[in-house]
Amino acid sequence: MSTIAAMKGGFNDPAVDAAHGFRALLNAMAMPGAINDVTGAVPVAPLSVAAGVAILTLCDPETPVYLAPSHDTDAVRDWITFHTGAPFVGPSHAAFAIGTWEALMPLDQFPIGTPEYPDRSTTLIVEMDALAQTGATLRGPGIRETAQLNLPDAGAMADNAALFPLGVDFILTAGAQVAALPRSTKIGER
Amino acid sequence: MTQSGQYNFAYLDEQTKRMIRRALLKGLAIPGYQVPFASREMPMPYGWGTGGVQVTAACLVPEDCLKVIDQGADDTTNAVSIRKFFQRTAGVDVTEQTTASTVIQTRHRIPETPLREGQILVYQVPIPEPLRFIEPRETETRKMHALAEYGLMHVKLYEDIARHGAISTAYAYPVSVEGRYVMDPSPIPKFDNPKMEMAGIQLFGAGREQRIYALPPYTRVVSLDFEDYPFDPMRAEHPCDMCGAEDTYLDEVIIDDAGGRMFVCSDTDHCTARRAAGHRGRLAATEDAA
Ligand SMILES: [Zn+2]
C-alpha cells in the first residue's frame, strides 16, 4: 500500500489553489494554443504537476475518471481517490480521461456528446513531454488570427474538430504547463 | 475554511465551484451552446443576477480586481452590494475603472472601453434561451439548437419588419455564434452587439434558468439580419451632453421640473474618464461651475 504517498501532494490551500488552477485552465480553453503555468499539486509519478492541478481542480465524486494504461497504477489510483473521490470507469463512461496520447487511443472510445447535449463528452487530459508553440496551425474561437501548438496527432484532432459541436476536448499537460485544444479549433498544416 | 474567515472563498463551496467550472470549460469549448448547471441559492434575490454571481465566484482569484456594473453604472444598489459581497468573501480589490479591472460582472451593458486579452466579462442573464418566445417547450428548443433549425427565428424577425418597417427588437437582439448556435446576448442594447467580438473572455450565467454559456476571445458573433434589412445598432442622434462623445450608448435623463432633458453616456466610468481628459459636452460647463 502506498497510503502515505497518496495523502501527500494535494493543494495546501484548496480553495485558493483551485481558483488559480481553474483560471489557468479557463485561459487555456478560451485561448487554444496559449501555454499557461500552474502550481500547487505534487502528484505521484507519472502524473505531471499540471495534470495533478487539473485533476484536483476539476475532479470529484461526480466525475468518472478513466486512467489509460500509461497512468493506471495503484499509486495514481490511490492519489486520485484520496484527493478527489472520483470513481474509476472505462473510457465509454469517462468525464475525464488521463494518459499519454498513445495510451488514450483510440479516440472513438470516448463519448462525444449528443446533438441535444454536446457537453456530455469526455475531456482528455493528455500528458506530453513538452508544450511548444510550434507545429500545427490553429484557427477558430479564442484565436486572433492563428496560433501554433505541438499537437500529439494533428490529423486525429482535426477529425475530432470536424464533429463540432460534438467531440471531445483536450487539456494538454507537460511538467507544470497546461494548454488546451477544444473541439471548436480548426487545425491546418502550417 | 480559508483565510477569508467565516465564509468559503468566494462564498460557494468547492464542489459547487468545480461543477460550475466544468460547465464553463464546456461552454468555452462549444461557443454559444447553453450548458445546464445546478444553480445554487445565493444570499440575494434572483433579479440581482445570481447566475452571474455564481460564475464570478467560480472564476475569481484573490489577486483579481473586480468591477460590477448595472446598466453601465457602478453605483446602483445592485452593483454596490455585489461588489461588497466579493470584497468580503474573496478578498479581491474592486474598481470602477474598466481599464483597472480584471473581472467585470455586468447587467445589461458592455463597457465602451474595449476589453483587453486576459479580462473576463461576466453577464447576468435572465432568459438564456433566444428561441423561448417562439417555442416555450425546452425539449423543442433543444432540438432546434441540435439541428441548427433557426428558420422560425428569421420568420419572426421578418414579421417584425413587415409590421414595423424595421426589426423592433432593441435589447437582447439575437446573435449567431461562429455560424452555428443562435445565442441570447442578455438584455444589452443592440448597440452593444458589435462589441461582442472582443479580446476578452465572455461568460454568461443564468441562475433561475440554470444555464451557462460562453464566448472565447475573437469568436465571430453576428447579429441576425437580412440582406435587404442589414443589422443597425441604432444610436440616439446626440452627442453626450457631459463628455461630448458621439460614439457611446446614451441614457436620457430628466433634469428639471419643466421637462428639460439631457443625454449622457450610460457607461459612467467611460464618461468620467473622458471628462477627466478634458472632453466637454453641451451641459458639462454648467455642471463644473456648480
Ligand atoms: Zn459621456
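A quick note: this is a predicted structure, and the numbers were derived from the prediction, not measured. (Residues numbered from 1 in each chain as written. Chains lettered and ligands numbered in written order. Predicted model: local features only at pLDDT ≥ 70, side-chain atom pairs only at ≥ 80, totals over all residues. Heavy atoms only, no water.)

K.L.:
Please clarify how the overall build of chain B should be interpreted in this entry.
P.N.:
Helix and strand counts for chain B stand at seven helices and twelve strands. Relative to the compact-globule value of 19 Å for 290 residues, chain B shows a C-alpha radius of gyration of 20 Å, a close match. In terms of principal-axis extent, the alpha carbons of chain B reach across some 60 × 55 × 35 Å. The buried share of chain B, reckoned over its 290 residues, is 57%. Counted over contacts in chain B with a minimum sequence separation of 6, partners at least 24 positions apart contribute 62%. Split by element, the accessible area of chain B, about 12100 Å² in all, is 53% carbon and sulfur. (Helix = DSSP H or I, 4+ residues; strand = E, 2+ residues; numbered from the N terminus. Rg over C-alpha atoms; globule rule 2.2 N^0.38 Å. Buried < 20%, exposed > 50% of the residue type's maximum accessible area, 1.4 Å probe, protein only. Contact = heavy atoms within 4.5 Å. Areas by Shrake-Rupley, 256 points an atom, 1.4 Å probe, with all protein chains shown as cover.)

K.L.:
Is there a simple way to explain the coordination of the zinc ion in this structure?
P.N.:
Each pair of donors in an ideal four-coordinate tetrahedral metal site encloses 109.5 degrees, whereas pairs in an ideal six-coordinate octahedral site enclose 90 or 180 degrees. Residue and element names in this part refer to chain B. Within the protein, the zinc ion binds to C240 (SG), C243 (SG), C265 (SG) and C271 (SG); these donor distances fall in the range 2.2 to 2.3 Å. Metal-centred angles of 103 to 117° between the four donor atoms at the zinc ion mark the site as tetrahedral. Considered as a linear motif, the donors of the zinc ion on their single chain read C-x2-C-x21-C-x5-C. Of the two residues, C240 is situated in the loop between β10 (221-223) and β11 (250-254) and C265 in strand β12 (residues 261-265); the sequence distance between them amounts to 25 residues. Classification of C265 as buried rests on a relative accessible area of 4%. (Donors = N, O, S within 2.8 Å, 3.2 Å for Na, K, Ca; no water. Tetrahedral: all angles 85-135°; square planar, octahedral: opposite > 155°, others 65-115°.)

K.L.:
Teacher, can you tell me more about the side chain of K190(B) here?
P.N.:
Residue and element names in this part refer to chain B. Note on placement: K190 falls in the loop between β7 (181-183) and β8 (201-206). A polar atom in the side chain of K190 sits 3.4 Å from the backbone oxygen of D232. Beyond its immediate stretch of four places on either side in the chain, K190 contacts I167, T169, A170, Y173, F231, D232, P233 and M234. (Polar contact = N/O pair within 3.5 Å; in protein donor to acceptor, adjacent residues only side chain to side chain.)

K.L.:
Is there a simple way to think about the environment of A132(A) in this case?
P.N.:
Residues and elements named next belong to chain A. In this fold, A132 is placed in the loop between β4 (123-127) and β5 (136-139). Spatially, the C-alpha atoms of A132 and D108 are 26 Å apart, while their sequence positions differ by 24 residues. Apart from the residues within four sequence positions on either side, A132 is in contact with I35, Q148, L149 and N150.

K.L.:
Explain the pairing of strand β9 (residues 211-215) of chain B here, please?
P.N.:
Every regular strand shows the same layout, with side chains that alternate between the two sheet faces. Residues and elements named next belong to chain B. Here β9 lies mainly inside the structure; five of its five residues are buried. Residues of β9 alternate between two faces, with R211, Y213 and L215 on one and I212 and A214 on the opposite face, all of them buried. Inspection of the sheet shows β8 paired to β9 by five bridges, in the antiparallel sense. Each bridged residue has a counterpart across the sheet, and for A206 the counterpart in β9 is R211. Counting the residues between successive antiparallel strands, the hairpin from β8 to β9 contains four residues, one of them, Q210, with a positive phi of roughly 55°. (Pairing = 2+ DSSP bridges.)

K.L.:
Honestly, the packing of aromatic side chains in this entry has me stumped. Any pointers?
P.N.:
For any pair of aromatic rings, geometry is given as the distance between the ring centres together with the angle between the planes. With the rule as written, the count across this model stands at eleven aromatic pairs over all chains. Ring plane angle 75° and centroid distance 5.0 Å describe the contact between F85(B) and F86(B), whose orientation is recorded as edge-to-face. Per residue, the accessibility class of F85(B) equals that of F86(B), and both read buried. One aromatic cluster in this structure is built from Y11(B), F85(B) and F86(B). In this arrangement the basic side chain of R77(A) is found over the ring face of F88(A), its NZ or CZ atom lying 4.8 Å from the centre. Across from the ring centre of Y117(A), 3.7 Å away, lies the NZ or CZ of R120(A), which sits over that ring. (Phe/Tyr/Trp six-rings, centres within 6.5 Å; stacked < 30°, edge-to-face > 60°. Lys NZ or Arg CZ within 6 Å of the ring centre and 35° of its normal.)

K.L.:
How do you make sense of empty space enclosed by the protein when you look at a structure like this?
P.N.:
Take a probe with the size of a water molecule and roll it over the atoms, and the empty space left behind shows itself. Residues and elements named next belong to chain B. Per the stated rule, a full pass over the model turns up one cavity of 30 Å³ or more. Here the largest cavity defines a volume of roughly 90 Å³. Residue lining of the largest cavity: 13 residues in total, with Y33, Q34, E129, R142 and H145 positioned closest to the centre. Here the lining of the largest cavity takes five residues from helix α4 (residues 138-146), the largest share from any one element. For the lining of the largest cavity, the class distribution of residues is four nonpolar, four polar and five charged. (1 Å grid on protein atoms, 1.4 Å probe; cavity = no way out; pocket = protein on both sides within 12 Å on 5 of 7 lines; lining within 4 Å. Points joined across faces, edges and corners; volume = space filled by probe spheres on them. Nonpolar A, V, L, I, M, F, W, Y, C, P; charged D, E, K, R; others polar.)

K.L.:
I'm lost on the sheet that holds strand β6 (residues 175-177) of chain B in this one. Help?
P.N.:
Residues and elements named next belong to chain B. Across the sheet, three strands lie side by side as β7-β6-β10; this open sheet has antiparallel pairing. Unpaired on one side and paired on the other, β7 and β10 mark the two borders of the sheet. Each adjacent strand pair in this sheet contributes to an overall mean axis angle of 35°, direction not counted. Pairing between β6 and β7: three bridges, direction antiparallel. (Axes fitted to C-alpha atoms, helices over the stretch in contact; angles between N-to-C directions.)

K.L.:
What's the story with the nonpolar core in this structure? I'm lost.
P.N.:
Across soluble globular proteins, nonpolar side chains show a tendency to be buried alongside one another. Core analysis: the biggest nonpolar cluster contains 88 residues, and L26(A), L24(B), F86(B) and L203(B) have the highest contact counts within it. At eleven residues, helix α2 (residues 14-30) of chain A tops the list of elements feeding residues into this core. Ignoring any residue separated from it by four or fewer positions in sequence, one finds L203(B) in contact with L26(A), L24(B), L28(B), V55(B), C59(B), I120(B), L121(B), V122(B), Y123(B), Y213(B) and A214(B). Ranked by size, the runner-up nonpolar core spans 28 residues in total, among them L124(A), A174(A), L181(A) and I187(A). (Core = buried A, V, L, I, M, F, W, Y, C linked by side-chain atoms within 4.5 Å.)

K.L.:
What should I look at first to understand the interface of chain A and chain B in this one?
P.N.:
The partner chain B presents 41 residues to the 42 residues of chain A that form the contact. Interface area for chain A against chain B, summed over the two sides, is near 3500 Å², with a carbon-plus-sulfur share of 64%. Looking only at chain A, the three residues that lose the most surface to chain B are F22(A), R23(A) and D119(A), adding up to 17% of its buried area. At the surface where chain A touches chain B, the tally comes to five salt bridges. Here D60(A) makes a salt bridge to R22(B), at a shortest N to O gap of 3.2 Å. Inspection of the region where chain A meets chain B yields 14 residue pairs in polar contact (both at pLDDT 80 or more). Secondary structure elements with two or more residues in the side of chain A that touches chain B: α2 and α3 (49-58) of chain A. Element by element, the count of residues in the side of chain A that touches chain B is highest for α2(A), at 13 residues. Classifying every residue of the side of chain A that touches chain B by side-chain character gives 23 nonpolar, nine polar and ten charged. (Buried area = accessible area lost by both parts, 1.4 Å probe. Salt bridge = Lys/Arg side-chain N within 4 Å of Asp/Glu carboxyl O.)

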